[in-house]
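# Structural overview
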Amino acid sequence: MKIGTIKKEALHALRGNWGPAVLVTFIVFVISAFVPLVFEVPLSGGFEAWVLQDTTPLGATIVSTLISVLLVPLSIAVLWYFLDLVRGKLPKVADIFLPYKDLGLGLKIIGTSIMQSIFLFLWFLLLFIPGIIKSLSYSQTYYLLKDHPEYSVFEAITESRKRMVGFKWKYFLLYLSFIGWGLLSILTLGIGFLWLAPYISTTLAVFYDNHISDKNKHNFMDKK
């Protein structure tokens, strides 16, 4: 499937669903941006001290890091929301909080994120290009976890690497195709990202569903 076709399919999936898609994006933005501040500001000595500080206090840094880790399942649930949308399942906005109702799933998502970060950090220590290539290889990990909750952290990462053989360049170009839209969104003082983010997420979900998911198993099996 060509990149243009992938993006058209994404727009088709979003037709009539832009409202909930934008709402999901807005909710995640608000939570990610403001929840850490609720803890950081008091630990920094108040709002004025927080604004004027040159360095962040250790306690605030630790708490901020922990909150970032706890928010990982939310960001992954957003990917799953758009995958369900692409598959015509009409997901609910509240679905983005489902990983927090399943402790095992939430911990697996966090564990996967930590392991991916470690692997990518090591690859980027070697050279920038190998790090980029590996980040593309691991890009389908969370989608595979949705379709295969029985996968362990390492199985999901490994399976993503295997299935992305022959697709990394297309996935990279798919990302690049949104540069123009990104620049336009910046000109709107960032407001445009409320629509661009769902468009990108839906497009990436279409890529997975049409190239990487189990229904296309013969595509990557032939390349082994």
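Keep in mind the model is a prediction, meaning the values are calculated, not measured.

With the rule as written, the count across this model stands at five salt bridges. For Arg163, the salt bridge goes to Asp214, with nearest N and O atoms at 2.9 Å. One end of the pair, Arg163, is in helix 9 (residues 153–163); the other, Asp214, is in the loop between helix 12 (193–212) and helix 13 (217–221), and 51 residues separate them in sequence. The exposure class of Asp214 is partly exposed, given its relative accessible area of 35%. It is possible to trace a salt-bridge network through shared partners that takes in Arg87, Asp147 and Asp209.

Tracing the backbone shows Val24 in helix 2 (residues 18–43). The exposure class assigned to Val24 is buried, which follows from its relative accessible area of 0%.

All right, on to the side chain of Ser185 then. Tracing the sequence through the fold places Ser185 in helix 11 (residues 179–187). Residues contacting Ser185, with those up to four places away along its chain left out, are Gly190, Ile191, Gly192, Phe193 and Leu196.

What follows covers a nonpolar patch on the surface. Together, Ile114, Ile118, Phe121, Leu122 and Leu125 line one region of the surface with nonpolar side chains, adding up to about 490 Å² of accessible area. Note that Leu125 resides in helix 6 (residues 103–126).

This part takes up the nonpolar core. Membership of the largest hydrophobic core comes to 42 residues, with the highest contact counts inside it found for Phe82, Ile96 and Phe207. Secondary-structure elements contributing two or more residues to this core are helix 1 (3–14), helix 2, helix 5 (72–86), helix 8 (141–147), helix 10 (168–176) and helix 12. Counting residues per element, this core draws most heavily on helix 5, at eleven residues.

For an α-helix the count is 3.6 residues per turn, leaving residues at separations of three or four pointing the same way. The end-to-end C-alpha separation of helix 5 is 22 Å, in line with the 21 Å expected for 15 residues at 1.5 Å each. Taking burial as the measure, the 15 residues of helix 5 include 13 buried ones, the bulk of the element. Backbone geometry just after helix 5 places Gly88 at a positive phi near 75°.

For the rest of this paragraph, the subject is the packing of aromatic side chains. Under the definition given, this model contains ten aromatic pairs. For the ring pair Phe178 and Tyr199, a centre distance of 5.1 Å and an interplane angle of 85° mean the geometry is edge-to-face. Of the two residues, Phe178 sits in the loop between helix 10 and helix 11 while Tyr199 sits in helix 12, which places them 21 residues apart along the sequence. For Tyr199, a relative accessible area of 10% corresponds to the buried category. Through successive ring pairs, a cluster of aromatic residues spans Phe167, Tyr171, Tyr175 and Phe207.

What counts, and at which threshold
- Residues numbered from 1 in each chain as written.
- Predicted model: local features only at pLDDT ≥ 70, side-chain atom pairs only at ≥ 80, totals over all residues.
- Heavy atoms only, no water.
- Salt bridge = Lys/Arg side-chain N within 4 Å of Asp/Glu carboxyl O.
- Helix = DSSP H or I, 4+ residues; strand = E, 2+ residues; numbered from the N terminus.
- Buried < 20%, exposed > 50% of the residue type's maximum accessible area, 1.4 Å probe, protein only.
- Contact = heavy atoms within 4.5 Å.
- Patch = residues over 30% accessible without salt bridge, like charges linked within 9 Å, V, L, I, M, F, W, Y side chains within 5 Å.
- Areas by Shrake-Rupley, 256 points an atom, 1.4 Å probe, with all protein chains shown as cover.
- Core = buried A, V, L, I, M, F, W, Y, C linked by side-chain atoms within 4.5 Å.
- Expected span 1.5 Å × (residues − 1).
- Phe/Tyr/Trp six-rings, centres within 6.5 Å; stacked < 30°, edge-to-face > 60°.

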